[in-house]
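A structural walkthrough
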Amino acid sequence: MPDYDGTDDTHVVMHLPGAVIDENYSLMLIENNDITLMDAVLLDRVQKGQRLNDDAIAMLRKKKLVEGRKPNLYVSKKVAQNINQRVEYSRHKGLGSKSCERLLVESLNDHGTLARQDIDRLLWNVLSDQLTDKQKKAKITNLLTKLRKDGILSNKTAGRNSTWKLTGKQTGAN
């Protein structure tokens, strides 16, 4: 679909892609009677990673066409399945907190201890690809803090080096 970035009061600037980006996406839009032209235009903007206003986001969420946190929206599972973008959807969504906990606990069961750098490497690519590096770091920190406060993990810190291990307390994450 074309976009009109750069348009002002005296000029209309239209950018028209020279090729169909995703044929399945176009077919899904044509075949789905529930999707209006406005929905299609907005979904196209989501696919291209362009920003939407709050009203547009609210409308797409109400119709269950998008997920994610503003400004990192992505098409919903229903749309992704219709346009054969299941893998992309899963990368955008990332693993949930409970799945990350299980992965970390299983890795600590296997290895005994892990350095913080190792934990970052373990979890980094399973978190949503929509998160910034700073957000991923914070999410991992929050996960470690929660598990430490729940008595599941303990850590030993020496300077900038932090080593984590299981305390032996069982959790539902196992």
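Residues numbered from 1 in each chain as written. Predicted model: local features only at pLDDT ≥ 70, side-chain atom pairs only at ≥ 80, totals over all residues. Heavy atoms only, no water.

Another aspect to go through is the packing of helix α6 (residues 97–111) against helix α7 (residues 116–124). Contact pair α6 / α7: the axes reach a minimum separation of 10 Å and the direction vectors enclose 135°. As far as their axial angle goes, α7 and α6 are oblique. The element α6 and its partner α7 pack so that their crossing is right-handed. Judged by residue contacts, C100, L103, L104 and S107 of α6 engage I119, L122 and L123 from α7. (Axes fitted to C-alpha atoms, helices over the stretch in contact; angles between N-to-C directions. Helix = DSSP H or I, 4+ residues; strand = E, 2+ residues; numbered from the N terminus. Parallel < 35°, antiparallel > 145°, perpendicular 65-115°, else oblique. Left-handed = near helix turned anticlockwise from the far one by under 90°. Contact = heavy atoms within 4.5 Å.)

The next subject is the pairing of strand β4 (residues 153–158). Alignment of β4 against strand β5 (residues 161–166), held across 6 bridges, turns out to be antiparallel. By the bridge assignment for β5, K156 is matched with T163. Between the antiparallel neighbours β4 and β5 lie 2 residues, among them G159 with a positive phi of about 65°. (Pairing = 2+ DSSP bridges.)

Turning our eyes to something else, we now look at the packing of aromatic side chains. Counted by the stated rule, this structure contains 1 aromatic pair. Centre to centre, the rings of Y74 and Y89 are 5.9 Å apart; their planes meet at 70°, and the pair counts as edge-to-face. With a gap of 15 residues between them, Y74 in strand β2 (residues 72–75) and Y89 in helix α5 (residues 86–93) connect regions that are remote in the sequence. With relative accessibility at 8%, the residue Y74 sits in the buried group. (Phe/Tyr/Trp six-rings, centres within 6.5 Å; stacked < 30°, edge-to-face > 60°. Buried < 20%, exposed > 50% of the residue type's maximum accessible area, 1.4 Å probe, protein only.)

Glancing now at the packing of α6 against helix α8 (residues 133–149). Between α6 and α8, the least distance of the axes is 11 Å, while the angle of their chain directions is 70°. On the basis of their axis angle, the class for α6 and α8 is roughly perpendicular. Seen from above, α6 lies across α8 with right-handed handedness. Along the contact surface, α6 presents S97, K98, C100, E101 and L104, while α8 presents K139, L143, L144, K146 and L147. For the contact of α6 with α8, a count of residues per class yields 5 nonpolar, 1 polar and 4 charged. (Nonpolar A, V, L, I, M, F, W, Y, C, P; charged D, E, K, R; others polar.)

Let us look at the side chain of R116. The topology assignment puts R116 in helix α7. A distance of 2.7 Å separates a polar atom in the side chain of R116 from a polar atom in the side chain of D120. R116 has contacts with K137, I140, T141, L144, S162 and W164, leaving out every residue within four places of it along the chain. (Polar contact = N/O pair within 3.5 Å; in protein donor to acceptor, adjacent residues only side chain to side chain.)

Next up on the list: the sheet that holds β5. Read from one edge of the open sheet, 3 strands run β3-β5-β4, paired in antiparallel fashion. Single-partner strands in this sheet number two, and they are β3 (113–115) and β4. Mean inter-strand twist for the sheet, computed between neighbouring axes without regard to direction, equals 25°. As paired elements, β3 and β5 share 3 bridges and run antiparallel to each other.

Another point: the side chain of S107. Within the secondary structure layout, S107 lies in helix α6. Excluding residues that lie within four positions of it along the chain, S107 makes contacts with G112, L114 and L122.

Core analysis: the largest hydrophobic core is formed by 18 residues, its most contacted members being L43, V46, L52, L60, L65 and V75. Contributions of two or more residues to this core are made by α2 (37–47), α3 (54–62), β2 and α4 (77–82). No other element matches the 4 residues that α2 contributes to this core. Not counting residues within four places of it along the chain, the set of residues in contact with L60 comprises D39, L42, L43, V46, L52, L65 and V66. In this structure, V105, L114, L123 and W164 belong to the second largest nonpolar core, which totals 15 residues. (Core = buried A, V, L, I, M, F, W, Y, C linked by side-chain atoms within 4.5 Å.)

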